[in-house]
Amino acid sequence: MRKSQARSGRRLFTAGAAMAVVSAAALAGASPAFAGATLALSTSQVAVAGGTIVYISGGTGLASTQGIRFIPSTVVSCPANYNTAQADSVDGGLITAASTALAYVSTPALPAGTYKPCIYADATTGAAFATDTFITTGGNFTVTAVPFATLGATTGQPADKVTLTTPTASLTGTTYATQFVAGTVCPATYTAASTTNIVAVTVKTSTSVLTVTVPTTVVAGTAYSICSYNGTTAGTSTLQVRGSTTFASYDKTLPVTTLSPNNGASTTATTVIATVPTAAASFTGTPDAIVSRWSCPLTRPATSALNAAPNVEPYSATMNRISTTRAAITIPVSVMVGGMDTSTPWNVCIYASNSTGAALLTAPAVYSVAPAVDLTNLKFAVGSSNPATTGSGPAQGNSSVTFSGLTGIPTTVGSVLSASLGSSPITITKVNSSSSFTGTTSAHAAGAVNLSITTAAGTKTTSAKPYTYTYGITVTPNTAPAGTNNTYLDITGAGFSALTWGATPTTGNPLTPGSAYIFLTGNAWNNQTFATGTAAFNATAAPVALCKTPLPISDTEVICTLDLANTLTAATNNVTITAANVPQGAYTVTVVNDGGTTALLATSYNFSTVASTATFTVGPY
């Protein structure tokens, strides 16, 4: 029994011809106890690589706990249970039920061939599903797995070039013959040329790309499947690859519609603004919109044909005219990403009204959806630490962090994926899975920040601030002789450009509130908790020495002159400067953001932390 494999993405795909699905019992020849529902599927062709979304409609007991298997069509009966061995069968996993009458499944990878589906009570050991009695109205249901290719364009004009790109280097033949076939299904073999099977010039660009010239005889507004064969012998030359969706040509005079945004999350109702050029002024009266993965019809379908089984699409969309050039369109929640797609493009079709036969007003606009990112179970693993609900790292950045517990992370090379902590970008070094990625932090001012992740579905940001940039600094050099007063320190960190640097303090006066300073501090100062607002100079402890005349080079670098010939002390909040060498020993260089008497607070991250990178040694030479 073949198990479903990990697979490359394929567009969500539904076809026009619906066929009855027969139950395992009916396939086995069992007589139903009573007349039940007849299920119908939305496609007769699926992608070999998997990821085709097939709608199942017409039931009365469909549920997301049910499993589906794909059995070779030559096998008379479905296996009794989901786990019953059957040569060349492929497990399809669970179906997803929108209701007891409608469900869908993303097909697994299927070797080229013809299959029939079998539905079970579950996707482990369940018996053949019999809640509904499935009655076959003729022959066994079959679905044919064929190679799919991504279309470089779904609309265009005669003589334009359109590419078919396969997910692997599977185009090993010498020549290919392509036809534009009216409808959504490619014939299994080459068909004699006609007005509905139009021959197109084909050039093999590589082992994964065919370049096809749009024939001059295509009919505007007609949806064509682009089908490539290994020859031109009618009834003999076999289908080698087909476009993943249909192609259509439209009148050049139709105005272009711009959508903002033009992408969003799968299965999420989203309002977009549709705009046409001022000169077009297309939106008059009560225009109407529908969405579909197929080509937009030249005239609006009947309302009864929208959201309807067995094909389910097109879907109706709510449209509200704002002006003659702008309208708000709500993309329905039923618009979803297809199979294992990184993102799926949907056509937004705008008509003069919601009447059957209303004219197409504008050229189709494309709205793409991707899996929504979910941050609910977010975990951080900083460096080699174990995953936790919070994380922290130095303000200088350069921390390696693995983000896990996510959903909706694209794994395909070239997919839209970026992230940031606060306003600082994360350099993504590896996508581990659809739930995890690893990246390196960049510099950011100290403090707690949100995580934001952007994909083709948009940007998702944590409501809380689960990551903390600690106020770490790095000091160069890290030693100087006692008694010197001209050692230049080069300090790197983050957030320096936002600070107001204070003038050199004088004896008997406090530090200037709101001004920043750089000090050399000892253990007494460093061991303070700063649990409540505290002054840099206080009765408990004072800095040991001052680094004078700070000069910010950038947001991440500042230089100053360390004075080791004068010692600082304090009995109150006022500074006392004594002409005495700073004693030899190990200290910490500390940046204080605010000289106010109650300014320093640990939870405000307004002074740099004790760290090995901030250690400074006053030596004998």
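See above for the structure.
Note that the coordinates shown come from a computational prediction; the quantities given were computed from them, not determined experimentally. (Residues numbered from 1 in each chain as written. Predicted model: local features only at pLDDT ≥ 70, side-chain atom pairs only at ≥ 80, totals over all residues. Heavy atoms only, no water.)

A. Inspection of the pairing of strand β41 (residues 545-554) at higher detail. As paired strands, strand β40 (residues 517-521) and β41 are joined by two bridges and run antiparallel to one another. Of the residues in β41, the one forming a bridge with Leu520 is Ala545. Bridge count between β41 and strand β42 (residues 557-563): six bridges; the pairing is antiparallel. By the bridge assignment for β42, Leu551 is matched with Ile559. (Pairing = 2+ DSSP bridges. Helix = DSSP H or I, 4+ residues; strand = E, 2+ residues; numbered from the N terminus.)

B. Just unusual backbone geometry, in detail. The peptide bond linking Ser260 to Pro261 adopts the cis configuration, its omega dihedral lying at -5 degrees. Position of Pro261 relative to the elements: it lies in the loop between β19 (258-260) and β20 (263-265). Of note, the bond from Thr476 into Pro477 is cis; its omega dihedral lies within 30 degrees of zero at -5 degrees. One non-glycine residue, Phe530, lies in the positive phi region at around 55 degrees. Tracing the chain through its elements places Phe530 in the loop between α2 (523-526) and β41. The class of Phe530 is buried, set by a relative accessible area of 4%. In this structure, Thr549 takes a positive phi of about 45 degrees despite not being glycine. Counting through the fold element by element, Thr549 comes out in strand β41. For Thr549, a relative accessible area of 54% puts it in the exposed group. (Buried < 20%, exposed > 50% of the residue type's maximum accessible area, 1.4 Å probe, protein only.)

C. Structural context of the sheet that holds strand β25 (residues 344-351). Across the sheet, eight strands lie side by side as β19-β21-β24-β23-β22-β25-β26-β20; this open sheet has mixed pairing. Taken across any chain shown, the strands that pair with only one partner, and hence form the sheet edges, are β19 and β20. Adjacent strand axes in the sheet meet at a mean angle of 30 degrees when their direction is disregarded. By the bridge criterion, five bridges tie strand β22 (residues 288-292) to β25 in an arrangement that is antiparallel. If you follow Ser292 over to β25, its bridge partner there is Asn347. (Axes fitted to C-alpha atoms, helices over the stretch in contact; angles between N-to-C directions.)

D. View of the nonpolar core. Ile491, Leu520 and Phe616 are the most contacted members of the largest nonpolar core, which has 26 residues in total. Every element with two or more residues in this core is listed here: β39 (487-492), β40, β41, β42, β45 (585-592) and β46 (615-619). Among the nonpolar cores identified, the runner-up in size contains 25 residues, and Val291, Val312, Val335 and Tyr367 belong to it. (Core = buried A, V, L, I, M, F, W, Y, C linked by side-chain atoms within 4.5 Å.)

E. Quick peek at the packing of aromatic side chains. Under the definition given, this model contains 16 aromatic pairs. Measuring from ring centre to ring centre gives 6.1 Å for Phe180 and Tyr224, while their planes differ by 65 degrees; the resulting arrangement is edge-to-face. Of this pair, Phe180 sits in strand β13 (residues 177-182) while Tyr224 sits in strand β17 (residues 224-229), placing them 44 residues apart in sequence. Residues Phe180 and Tyr224 agree in their burial class; the two are buried. Every member of this aromatic cluster is reached through a ring pair, and the members are Phe380, Phe403, Phe437, Tyr467 and Tyr469. For Arg69, the ring lying beneath its charged end belongs to Tyr82, and the centroid distance is 5.9 Å. The cationic tip of Arg242 hangs over the ring face of Phe148; the distance from NZ or CZ to the ring centre is 5.4 Å. (Phe/Tyr/Trp six-rings, centres within 6.5 Å; stacked < 30°, edge-to-face > 60°. Lys NZ or Arg CZ within 6 Å of the ring centre and 35° of its normal.)

F. The arrangement of the pattern of salt bridges in detail. Enumeration over the complete set of coordinates arrives at four salt bridges. Among the ionic pairs, Asp91 bridges to Arg69, the shortest N-O distance being 3.4 Å. Of this pair, Asp91 sits in strand β6 (residues 90-94) while Arg69 sits in strand β5 (residues 67-72); the two residues are 22 residues apart in sequence, bridging distant segments of the chain. Judged by relative accessible area, Asp91 falls into the buried class, the value being 6%. With a relative accessible area of 0%, Arg69 lands in the buried category. (Salt bridge = Lys/Arg side-chain N within 4 Å of Asp/Glu carboxyl O.)

G. Examining the state of the cysteines more closely. A complete count under the given rule lists four disulfides for this structure. Put simply, Cys186 and Cys227 are joined by a disulfide, and their sulfur atoms are 2.0 Å apart. Judged by the torsion about the S-S bond (-85 degrees), the Cys186/Cys227 disulfide is left-handed. Of this pair, Cys186 sits in the loop between β13 and β14 (197-200) while Cys227 sits in strand β17; the two residues are 41 residues apart in sequence, bridging distant segments of the chain. (Disulfide = S-S within 2.5 Å.)

H. Highlighting the sheet that holds β13. Spatial strand order, β14-β13-β17-β18-β11-β12-β16-β15: eight strands in an open sheet with mixed pairing. This sheet does not close on itself; its edge strands, each paired only once, are β14 and β15 (202-206). Each neighbouring strand pair of the sheet contributes to a mean axis angle of 30 degrees, computed without reference to strand direction.

I. Structural detail: the pairing of strand β34 (residues 451-455). Burial analysis of β34 places four of its five residues in the buried class, the great majority of the element. Direction of pairing for strand β30 (residues 417-421) relative to β34: antiparallel, over a ladder of five bridges. Residue Ser420 lies in a different strand from β34, and its bridge partner there is Ser452. Taken together, the four bridges between β34 and strand β35 (residues 458-461) define a ladder with antiparallel strand orientation. From the neighbouring strand, Thr455 faces β35, where its bridge partner is Gly458. Count of turn residues in the β34/β35 antiparallel hairpin: two residues.

J. Here's a closer look at the side chain of Arg300. Among the secondary structure elements, Arg300 is positioned in the loop between β22 and β23 (315-321). There is a polar contact of 2.9 Å between the side chain of Arg300 and the backbone oxygen of Asn354. Each residue touching Arg300, except ones within four places of it in the same chain, is listed here: Asp288, Leu306, Tyr351, Ser353, Asn354, Ser355, Thr356, Gly357 and Ala358. (Polar contact = N/O pair within 3.5 Å; in protein donor to acceptor, adjacent residues only side chain to side chain. Contact = heavy atoms within 4.5 Å.)

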